[in-house]
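# Observations on chain architecture
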Amino acid sequence: MGNSHRVDGRAPVHGFYSSSSWIEGAAVRQLETVADIDGVRAVAGLPDLHPGKFGPVGCAILADHIHPAFVGSDAGCGMALFALDLAARRIPVDKAADRLRDIAKPYDGDIAGELAAHELAPSDFDASLGTIGGGNHFCELQAVEQVFDATCGIDRDRAYLLVHSGSRGLGHALLERQVADGLRPLAPDSADGQAYFAAHDHALRWARLNRGLIARRAAAALRCEADPVCECSHNCVVHRREGVLHRKGAAPSDQGLVVVPGSRGALSYLVAPLATAPKEALWSIAHGAGRKFDRSSMIGRVGATKSDRERLARNPFGGRVICEDRALLAEEAPEAYKPIAGVIADLEAFGLARVVASFRPLVTVKKIATMRRHKEDRR
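Here, residues in each chain are numbered from 1, in the same order as that chain's written sequence. Given that this is a predicted model, residues contribute local features only at a pLDDT of at least 70 and side-chain atom pairs are listed and counted only at 80 or more, while totals for whole chains, interfaces and linings are drawn from all residues. Hydrogens are left out, water is left out, and the side-chain values use all remaining heavy atoms of the structure.

This part covers the overall build of the protein. The secondary structure listing takes helices from DSSP runs of H or I that are at least 4 residues long and strands from runs of E that are at least 2 residues long, numbered from the N terminus. Each helix and strand in the protein was counted, giving ten helices and 16 strands. On C-alpha atoms alone, the protein measures out to a radius of gyration of 20 Å, which is about the 21 Å that the 2.2 N^0.38 rule sets for 379 residues. For the protein, the spread of C-alpha atoms along the principal axes amounts to about 60 × 45 × 45 Å. The contacts of the protein with a sequence gap of at least 6 include a subset with a gap of at least 24, amounting to 78%. Per element, the accessible surface of the protein, about 15,400 Å² overall, is 51% carbon and sulfur. In this tally, Asp and Glu contribute negative charge and Lys and Arg positive charge; neither His nor the terminal groups of the chain are included. One atom stands in for each charge, and that atom is NZ of Lys, CZ of Arg, CG of Asp or CD of Glu. Of the side chains in the protein, 48 bear a positive and 46 a negative charge, and the two mean positions are spaced by 5 Å. Restricting the calculation to C-alpha atoms gives the radius of gyration, and the globule rule supplies 2.2 Å times the number of residues raised to the power 0.38. Any two residues having at least one pair of non-hydrogen atoms within 4.5 Å are treated as being in contact. Using a 1.4 Å probe, accessible areas were evaluated by the Shrake-Rupley method; residue-level cover was limited to the displayed protein chains.

Now for the environment of Leu329. Mapped onto the fold, Leu329 is located in helix α9 (residues 326-331). Overall, Leu329 belongs to the buried group, its relative accessible area being 10%. Between the C-alpha atom of Leu329 and that of Leu84, which follows or precedes it by 245 residues, the distance is 27 Å. Setting aside chain neighbours within four positions, we find Leu329 in contact with Arg309, Leu312, Val321 and Cys323. Three labels apply to residues, based on accessible area from a 1.4 Å probe with only protein chains included: buried if under 20% of the type maximum, exposed if over 50%, partly exposed otherwise in between.

A separate point is the packing of aromatic side chains. Ring pairs shown here join Phe, Tyr and Trp side chains whose ring centres sit within 6.5 Å, with only the six-membered ring taken for Trp; geometry is labelled stacked below 30 degrees between planes, edge-to-face above 60, and tilted in between. Inspection of every chain in the model, using the stated rule, returns three aromatic pairs. The interplanar angle of 80° and the centroid separation of 5.9 Å between the aromatic rings of Phe16 and Phe350 together place this pair among those described as edge-to-face. Note that Phe16 is positioned in the loop between β2 (13-15) and α1 (25-35) and Phe350 in the loop between α10 (340-349) and β16 (353-367), a separation of 334 residues in sequence. The burial state of Phe16 is the same as that of Phe350; both residues are buried. The interplanar angle of 65° and the centroid separation of 5.8 Å between the aromatic rings of Trp22 and Phe293 together place this pair among those described as edge-to-face. Taken together, the positions of Trp22 in the loop between β2 and α1 and Phe293 in the loop between β14 (284-286) and α7 (295-298) put the pair 271 residues apart, joining distant regions of the chain. Judged by its relative accessible area of 41%, Trp22 falls in the partly exposed class. Taking relative accessible area as the criterion, Phe293 reaches 22% and is therefore assigned partly exposed. We count a charge as sitting over a ring when the NZ of a lysine or the CZ of an arginine lies within 6 Å of the ring centre and within 35 degrees of the ring normal. Positioned over the ring face of Phe138 is Arg264, at 3.9 Å from the centre of the ring. Lying across the ring of Phe293, Arg301 places its NZ or CZ 4.1 Å from the centre.

Turning our attention to the confidence of the model for the protein. The predicted model of the protein has a mean per-residue pLDDT of 94, with 96% of residues at 70 or higher. Counted against residues more than four places away or in other chains, residues 371-379, with its pLDDT under 50, gives 39 contacts. A residue's pLDDT is simply how confident the predictor is in it, with values from 0 to 100.

Glancing now at helix α3 (residues 93-100). An α-helical segment advances 3.6 residues per turn. Residues three or four places apart therefore align on the same side. The complete set of buried residues in α3 reads Ala96, Ala97 and Leu100. Considered in projection along α3, the buried side chains sweep an arc of 100° and stay on one side of the axis. Its buried side turned inward, α3 meets β6 (138-147), α6 (191-222), β15 (320-323) and β16. In this description, one arc is meant: the one made by directions from the helix axis to the C-beta atoms.

Looking only at α10, the buried set comprises Ile340, Val343, Ile344, Asp346 and Leu347. One side of α10 holds all its buried residues, which, seen down the axis, span an arc of 160°. Phi for Gly351, located one or two positions after α10, is positive at around 70°.

Here Ser167 is to be found in the loop between β7 (158-165) and α5 (169-180). Nitrogen and oxygen atoms within 3.5 Å of one another constitute a polar contact, given that in protein one can donate a hydrogen and the other can accept it, and given that sequence-neighbouring residues count only through two side-chain atoms. Engagement of the side chain of Ser167 in a polar contact is seen with the backbone oxygen of Ala75, the distance being 2.6 Å. Contact partners of Ser167, with chain neighbours within four places excluded, come to Asp74, Ala75, Ala203, Trp206 and Ala207.

Counting residues in hydrophobic clusters, the biggest one holds 40 residues, and the most contacted among them are Val260, Val271, Ile285, Ile340, Ile344, Leu347 and Leu352. Among the elements that take part in this core, α10 stands out by supplying four residues, more than any other. What we call a nonpolar core is a set of buried Ala, Val, Leu, Ile, Met, Phe, Trp, Tyr and Cys residues that are connected through their side-chain atoms within 4.5 Å. Formed by 29 residues, the second largest nonpolar core is a distinct cluster that contains Leu84, Ala96, Ile103 and Val365.

On to the pairing of strand β4 (residues 57-63), then. Counting buried residues along β4, seven of its seven residues qualify, which places the element largely inside the surrounding structure. Should DSSP find at least two bridges between two strands, the strands are regarded as paired. As judged from the six bridges shared by strand β3 (residues 40-50) and β4, these two strands associate in the antiparallel manner. Its bridge partner lying in β4, Ala44 is registered against Ala60. In this structure, β4 lies alongside strand β10 (residues 243-248), joined through five bridges in antiparallel fashion. Bridging from a neighbouring strand, Ala63 pairs with Val244 of β10.

Glancing now at the environment of Pro339. Its location among the elements puts Pro339 in the loop between α9 and α10. Exposure remark for Pro339: the relative accessible area of 56% places this residue in the exposed category.

Let us look at the pairing of strand β5 (residues 78-87). In terms of burial, β5 is a largely internal element, seven of the ten residues being buried. Sheet topology note: the β5/strand β8 (residues 226-233) ladder contains seven bridges and is antiparallel. Bridge pairing in β8 places Met79 opposite Cys232.

Structure, rendered in structure tokens:
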């Protein structure tokens, strides 16, 4: 059931992390603050829990109203895993890194045609379609490290591609509109609630197209094809019969396989959520390693010297990291994140998921110098 605690008048708070996990007190206090809000029915904190701007990241919240702040400013942000028809052992890493570098540039294809093909209305932010974005977003070429379940369909010889991106400026504008109106809760059946749901769903569909287009660009650069394995959003709101379910940095446990990535210097894990998971987890699991140190505290901690920046441009597996923004390189250093092995161990210990396969990073693409910094959720 997790580490549960309840105070009179407060919704129950369930923590699915062990005593050995790195969980900041500020994040737990944010969980409790959310549980104090009128109309919140239950809160679940996952092992990647850490403090966020409008509330904790790495949590699921069940309420009777829509709370746009719980979703944050990148509605639709999520992960997508693709299998490439390319043998991982035959990939020259440096050559692949050079080819993949261009996907950090703006997409110069037929954006209008992409939107029309996916029945998406045009927006003011469509020039960002097909791009990764800043913050913790990335596109990563991976090799299989280990297969734990041979029936899952993961081919240990193939290369894989993991894309983490969202709705870019579209999601930010959605939250800004709510902030301008006072960021108040919205009744699901009200006109404002329905309008938010419609804009939110558009952002989720846009974000999904964005991840798919990034994968297609990467596959074209590597001269191969990309087949989807699994895909999900971890910043979203879902209308269920039990109430309005918000996920902020929480992957769904009711939609099949989920990738739980580590830092750029660690393994990523493909997990199968368990149908027997406790209901107190609110149909959710961790979405990644979770931050150990916030972005501002990483500046000066790493990357201050040329040799350290060169270290950050490689990973412990001999792979490459493409990031030409010095501040971002430091903010997203492996040291900024919790050990992914501990997060996975907690998911298993609390009966939330089982591991299917693990992947090691070959090339991680984040940002090149010519990209403008977009205003988006940096969590």
